[in-house]
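Take a look at the letters that make up each chain.
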Amino acid sequence: MDLIEHNKRQEEALRQMRLVLGQNIRSRREALGYSQEKLAFLAGMGAAHLGNIERGSEKNNPTLSTLLKIATGLHTTLEELLEGSCQPAEK
(Lines give C-alpha, C1' and ligand atoms only; values in the text may rest on other atoms or scores of the structure.)
Protein backbone atom coordinates (compact mmCIF):
# COMPACT_ATOMS: atom_id res chain seq x y z
CA MET A 1 0.00 0.00 0.00
CA ASP A 2 1.40 3.38 -0.90
CA LEU A 3 1.52 6.38 1.40
CA ILE A 4 -1.45 8.14 -0.21
CA GLU A 5 -3.68 5.09 0.22
CA HIS A 6 -2.46 4.66 3.79
CA ASN A 7 -3.32 8.29 4.59
CA LYS A 8 -6.77 7.93 3.03
CA ARG A 9 -7.46 4.90 5.20
CA GLN A 10 -6.29 6.72 8.32
CA GLU A 11 -8.53 9.68 7.53
CA GLU A 12 -11.51 7.35 7.05
CA ALA A 13 -10.72 5.58 10.34
CA LEU A 14 -10.59 8.94 12.13
CA ARG A 15 -13.90 9.96 10.56
CA GLN A 16 -15.50 6.74 11.79
CA MET A 17 -14.02 7.24 15.26
CA ARG A 18 -15.49 10.74 15.48
CA LEU A 19 -18.91 9.48 14.37
CA VAL A 20 -19.03 6.61 16.88
CA LEU A 21 -17.75 8.82 19.69
CA GLY A 22 -20.41 11.42 18.88
CA GLN A 23 -23.14 8.78 18.80
CA ASN A 24 -21.99 7.42 22.16
CA ILE A 25 -22.07 10.88 23.72
CA ARG A 26 -25.49 11.69 22.28
CA SER A 27 -26.96 8.34 23.36
CA ARG A 28 -25.71 8.72 26.93
CA ARG A 29 -26.86 12.37 27.09
CA GLU A 30 -30.34 11.50 25.85
CA ALA A 31 -30.57 8.52 28.23
CA LEU A 32 -29.96 10.94 31.10
CA GLY A 33 -32.55 13.37 29.70
CA TYR A 34 -29.95 16.13 29.29
CA SER A 35 -30.13 18.80 26.63
CA GLN A 36 -26.96 19.73 24.78
CA GLU A 37 -27.00 23.00 26.69
CA LYS A 38 -27.10 21.23 30.07
CA LEU A 39 -24.27 18.87 29.21
CA ALA A 40 -22.22 21.69 27.73
CA PHE A 41 -22.66 23.64 30.97
CA LEU A 42 -21.66 20.61 33.07
CA ALA A 43 -18.59 20.06 30.87
CA GLY A 44 -17.63 23.74 30.86
CA MET A 45 -17.91 24.20 27.12
CA GLY A 46 -20.14 25.82 24.53
CA ALA A 47 -23.22 24.02 23.24
CA ALA A 48 -22.11 24.57 19.63
CA HIS A 49 -18.78 22.87 20.36
CA LEU A 50 -20.58 19.92 21.97
CA GLY A 51 -22.96 19.74 18.99
CA ASN A 52 -20.01 19.53 16.61
CA ILE A 53 -18.49 16.72 18.67
CA GLU A 54 -21.79 14.82 18.72
CA ARG A 55 -22.08 15.13 14.93
CA GLY A 56 -18.53 13.91 14.43
CA SER A 57 -17.65 17.16 12.73
CA GLU A 58 -14.17 17.60 11.35
CA LYS A 59 -14.27 21.12 12.80
CA ASN A 60 -13.53 19.75 16.24
CA ASN A 61 -10.99 17.19 17.37
CA PRO A 62 -11.71 17.11 21.09
CA THR A 63 -8.79 16.77 23.47
CA LEU A 64 -8.67 14.04 26.08
CA SER A 65 -9.29 16.74 28.66
CA THR A 66 -12.49 17.80 26.89
CA LEU A 67 -13.66 14.19 26.55
CA LEU A 68 -12.98 13.60 30.24
CA LYS A 69 -15.10 16.66 31.13
CA ILE A 70 -17.92 15.33 28.92
CA ALA A 71 -17.64 11.88 30.51
CA THR A 72 -17.78 13.42 33.98
CA GLY A 73 -20.85 15.45 33.01
CA LEU A 74 -22.46 12.23 31.80
CA HIS A 75 -21.53 10.29 34.96
CA THR A 76 -19.59 7.77 32.92
CA THR A 77 -16.03 6.93 31.97
CA LEU A 78 -13.88 7.94 29.06
CA GLU A 79 -13.63 4.26 28.15
CA GLU A 80 -17.40 4.00 27.80
CA LEU A 81 -17.55 7.08 25.58
CA LEU A 82 -14.87 5.62 23.32
CA GLU A 83 -16.43 2.15 23.22
CA GLY A 84 -16.55 0.84 19.68
CA SER A 85 -14.76 3.84 18.22
CA CYS A 86 -11.30 2.29 17.98
CA GLN A 87 -11.93 -0.57 15.61
CA PRO A 88 -8.94 -1.66 13.52
CA ALA A 89 -8.93 -0.38 9.97
CA GLU A 90 -9.61 -2.90 7.22
CA LYS A 91 -6.63 -3.94 5.14
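Residues numbered from 1 in each chain as written. Predicted model: local features only at pLDDT ≥ 70, side-chain atom pairs only at ≥ 80, totals over all residues. Heavy atoms only, no water.

Chemist: So what exactly am I meant to see when it comes to the side chain of Thr76 here?
Modeler: Counting through the fold element by element, Thr76 comes out in the loop between helix H4 (64-73) and helix H5 (78-82). Once you skip the residues sitting within four places of it in the chain, Thr76 turns out to touch Arg28, Ala71 and Leu81. (Helix = DSSP H or I, 4+ residues; strand = E, 2+ residues; numbered from the N terminus. Contact = heavy atoms within 4.5 Å.)

Chemist: Teacher, can you tell me more about the pattern of salt bridges here?
Modeler: It is possible for side chains bearing opposite charge to pair when their charged atoms get close. Tallied over the entire structure, the rule returns five salt bridges. Here Arg15 makes a salt bridge to Glu12, at a shortest N to O gap of 2.9 Å. Residue Arg15 and its partner Glu12 are located together in helix H1 (residues 3-31), separated by three residues, close to a single helical turn. Glu58 is the salt-bridge partner of Arg18, the closest N and O atoms lying 3.7 Å from each other. In this pair, Arg18 sits in helix H1 while Glu58 sits in the loop between helix H3 (47-55) and H4, placing the two residues 40 residues apart along the sequence. One connected set of salt bridges, linked through shared partners, spans Arg26, Arg29 and Glu54. (Salt bridge = Lys/Arg side-chain N within 4 Å of Asp/Glu carboxyl O.)

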